[in-house]
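# What the coordinates show
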Amino acid sequence: MCAYQSVNGVPMCANGFILNRVVRDDWGWKGFVVSDCDAVNTMMVRGEPGGNKYFGHAYSLSGPMAVQDGVRAGTDSGCGAPYKEYGMQAIEMGLVTEKELDASVRRLLRPHFQMGLFDPLEGQPWVKYDWTNVATPEHQQLALDAARQSMVLLQNPSELLPLQPGVKVLVAGPLFDAAEVLLGNYHGTAAPMQPLWAHIMDFNGNSSTITSDAYKSHGDCHDANASSIPGVVAAAEKVDTVVLVLGGDCHEGEGKDRDFLHLPGAQSQLFKEVLMTRKKVVVVIINGGVYSIDEIKGTAAAVIQVGFPGQSGGQAIAETLFGENNPGGKLTTTIYPAAYANGEPMDGTPWMDAGLRPRAATNLPASEGRTHMFYTGTPLFSFGFGLSYTNFSLAFSGSSVSSAATTTVDLTELPHAFTRVSFDVEVTNTGRRVGKETVMAYWTPPNDVDPDLKQQLFDFQGVVLEPSASQTLTFNLPQPIALATVSLNGDRVLYPGDYKVRFSRGHGADLMKIVTVKG
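Presented here is an overview of the structure given in this document. (Residues numbered from 1 in each chain as written. Predicted model: local features only at pLDDT ≥ 70, side-chain atom pairs only at ≥ 80, totals over all residues. Heavy atoms only, no water.)

## Description of the nonpolar core
- One finds Leu154, Leu244, Val274, Val283, Ile293 and Ile296 to be the most contacted residues of the largest nonpolar core, which totals 34 residues.
- Those elements giving two or more residues to this core turn out to be β3 (152-155), β4 (169-172), α7 (229-236), β6 (241-247), α8 (267-275) and β7 (280-286).
- When residues in this core are grouped by element, the largest group, five residues, is from α7.
- If near-sequence neighbours (up to four positions away) are discounted, leucine 154 is found in contact with Ile293, Val303, Gln305, Leu331, Ile335, Phe381, Phe385 and Leu387.
- Core analysis: the next-biggest nonpolar cluster, separate from the first, contains 32 residues, Leu161, Phe176, Leu182 and Val243 among them. (Core = buried A, V, L, I, M, F, W, Y, C linked by side-chain atoms within 4.5 Å. Buried < 20%, exposed > 50% of the residue type's maximum accessible area, 1.4 Å probe, protein only. Helix = DSSP H or I, 4+ residues; strand = E, 2+ residues; numbered from the N terminus. Contact = heavy atoms within 4.5 Å.)

## A closer look at the sheet that holds strand β14 (residues 470-476)
- With antiparallel pairing, the three strands of this open sheet are ordered in space as β9-β11-β14. Because the sheet does not close on itself, it has two edges, and the strands there are β9 (392-396) and β14. Sheet twist, expressed as the average angle between the axes of neighbouring strands with direction ignored, equals 25 degrees. (Pairing = 2+ DSSP bridges. Axes fitted to C-alpha atoms, helices over the stretch in contact; angles between N-to-C directions.)

## Some thoughts on the sheet that holds strand β10 (residues 406-410)
- Across the sheet, which stays open at both edges, the five strands sit in the order β10-β18-β17-β12-β13 with mixed pairing between neighbours. Single-partner strands in this sheet number two, and they are β10 and β13 (456-465). Geometrically, the sheet is characterised by an average inter-axis angle of 20 degrees between neighbouring strands, direction not taken into account.
- As judged from the seven bridges shared by strand β17 (residues 497-504) and strand β18 (residues 511-518), these two strands associate in the antiparallel manner. Each bridged residue has a counterpart across the sheet, and for aspartate 498 the counterpart in β18 is threonine 516.

## A few points about the state of the cysteines
- Taken as a whole, this structure holds two disulfides when the rule is applied.
- There is a disulfide in this structure between cysteine 2 and cysteine 13, and the S-S distance comes to 2.1 Å. As the torsion about the S-S bond is roughly 95 degrees, the cysteine 2-cysteine 13 disulfide counts as right-handed. Taken together, the positions of cysteine 2 in the segment before β1 (6-7) and cysteine 13 in the loop between β2 (10-11) and α1 (16-26) put the pair 11 residues apart, joining distant regions of the chain.
- With a sulfur-sulfur separation of 1.9 Å, cysteine 37 is cross-linked through a disulfide to cysteine 79. Around the S-S axis, the bridge from cysteine 37 to cysteine 79 shows a dihedral of about 65 degrees and counts as right-handed. Of the two residues, cysteine 37 is situated in the loop between α1 and α2 (63-73) and cysteine 79 in the loop between α2 and α3 (82-92); the sequence distance between them amounts to 42 residues. (Disulfide = S-S within 2.5 Å.)

## What about the packing of helix α6 (residues 196-204) against helix α9 (residues 313-321)?
- Between α6 and α9, whose axes approach to 8 Å, the crossing angle comes to 40 degrees. Comparing their axes, α9 and α6 come out oblique. In terms of crossing hand, the pair formed by α6 and α9 is right-handed. On the side of α6, the interface is formed by Leu196, His199, Ile200 and Phe203, while α9 contributes Gly314, Gln315, Ile317, Ala318, Glu319 and Leu321. (Parallel < 35°, antiparallel > 145°, perpendicular 65-115°, else oblique. Left-handed = near helix turned anticlockwise from the far one by under 90°.)

## Looking at the packing of aromatic side chains
- Scanning the entire structure with this criterion turns up 11 aromatic pairs.
- Pairing phenylalanine 203 with phenylalanine 322 gives two aromatic rings, centres 6.0 Å apart and planes at 5 degrees, and the pair type is stacked. Residue phenylalanine 203 is located in helix α6, and its partner phenylalanine 322 is located in the loop between α9 and α10 (371-374); the two are separated by 119 residues in the primary sequence.
- Cluster of aromatic residues (ring-pair linked, three or more members): Phe396, Phe423, Phe475 and Phe503. (Phe/Tyr/Trp six-rings, centres within 6.5 Å; stacked < 30°, edge-to-face > 60°.)

## Some words on unusual backbone geometry
- For the bond running from leucine 161 to proline 162, omega is 0 degrees, close enough to zero to count as cis.
- By the element assignment, proline 162 lies in the loop between β3 and β4.
- A positive phi angle, near 75 degrees, is found at aspartate 38, a position not held by glycine.
- One non-glycine residue, serine 468, adopts positive backbone phi at about 70 degrees.
- Here serine 468 is to be found in the loop between β13 and β14.
- Overall, serine 468 belongs to the exposed group, its relative accessible area being 64%.

## Quick word on the environment of leucine 380
- The residue leucine 380 is located in the loop between α10 and β9 in this model.
- Considered as a pair, leucine 380 and leucine 154 are 226 residues apart in the sequence and their alpha carbons are 10.0 Å apart.
- The contacts of leucine 380, once residues within four sequence positions are left out, are Ser292, Ile293, Asp294, Lys297, Ile335, Tyr336 and Pro337.

## A word on a nonpolar patch on the surface
- Residues Val105, Leu109, Phe113, Met115, Leu117 and Phe118 make up a contiguous nonpolar surface patch of roughly 580 Å² in combined accessible area.
- If you trace the backbone, phenylalanine 113 turns up in helix α4 (residues 98-114).
- By relative accessible area, which is 51% here, phenylalanine 113 ends up exposed. (Patch = residues over 30% accessible without salt bridge, like charges linked within 9 Å, V, L, I, M, F, W, Y side chains within 5 Å. Areas by Shrake-Rupley, 256 points an atom, 1.4 Å probe, with all protein chains shown as cover. Salt bridge = Lys/Arg side-chain N within 4 Å of Asp/Glu carboxyl O.)

## Structural notes on the environment of glutamate 319
- Structurally, the position occupied by glutamate 319 is in helix α9.
- Judged by relative accessible area, which is 3%, glutamate 319 ranks as buried.
- The contact partners of glutamate 319, leaving out residues within four places of it in the chain, are Leu144, Arg148, Phe203, Glu324 and Asn325.

## Some details on the pattern of salt bridges
- Scanning the model with the defined rule gives 10 salt bridges in all.
- The salt bridge involving arginine 148 is made with glutamate 319; its shortest N-O contact spans 2.7 Å. In this pair, arginine 148 sits in helix α5 (residues 137-149) while glutamate 319 sits in helix α9, placing the two residues 171 residues apart along the sequence.
- Linking arginine 357 and aspartate 452 is a salt bridge whose minimum nitrogen-to-oxygen distance equals 3.3 Å.

Structure follows, in structure tokens:
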């Protein structure tokens, strides 16, 4: 799919260098390219008939020319109006040739033939499918397994979790009855779902679980109406533990870029006032984009981030709260402090002006950078972070280069120099229950090669271990191109020097070796 943005002034759906030269010739892609919806429209001048009324690249001067620019660049199918509305005009004007059309039609039909859609019906298994093949027990088990693995335990300092069945619990917060919100957006019709509180009652019993919709999130994410919070506080006084279900999906979607990272609405105030009851507070965060939880970190008894875990997310959350599921998920994004998006750090960098790489203030505001690869600030929780109800340790083992303090790679021995470098990492479950741990492998170039690149993930492996059990994971150093850095001209270059190779669980002690690359 070709996207909305441009590269070097050329919209992606008109960028033949990317779509044909790189994707098809260099990468060997044999499929077809479809535009993101209305991406071809945006190639036209804003206000031009058929063009996007909000913005335009001003690249194609008319509808027929947009069709020409898209087809010639290798955009075979356009999601939106231009191909349908202006295609015949483009052909009649000679802007699109029969040969160019044949190339796109050939690419569009090839997958249909490969799937057998033009074969006799009696030979196609798919025509025999009916509703008995939908939401089968196997499908539902897969959804549940995926949801269980998506649970990320961010904090549990006093080991309040897992909860003991029968504890007096209040389930409250704007998403206490979460069901469809667990699907996120861009989803089809899921199997029947019951609200989150019902799943929690299944584990804890009706007599021990109180639910409260006194604080429900309605409408806009920025709605800070806190008038119903006292009802939650009053309910909290009657229990031992409060499970606050926070987050949301109201700003997850196209055209909903946000300029804040804090929890929406009055959710932060809700948490603070419930915390003042001195009850133990467990926070469950349902989210797509990252939420900054400055006021929750270090004060809540436990925090679980679940993302949008799907149709079985409610059951997986309840299982995790009560120990039926031992969380082993890891953060796929860095959780920044809320101030990062509010223009407060480093001379006041506006969120949308923050560069991927850090920079000092020049003609642009200073920036702390973005992503785990470049961010120089102190995150609330780092990329790859995730706790468990058990404990693990890492150690080098085996007869690989792991046993040496450093290892050397001679570039004159390419392409075989890197194939001999591997690291054996032994993972041991030092706790009291079975659990899953994921080990992430990073490399960092020498400072004089790239002072900004903090780390680059090159592999990760997970393992499920019984208590006291160990397993050795072997990580192979990637081929030379993966250790190369990108110059300002876009060239990948592998420089000599000392590269750090690090193995991490996302928290706790890391393992590190030095790989010396000789020219």
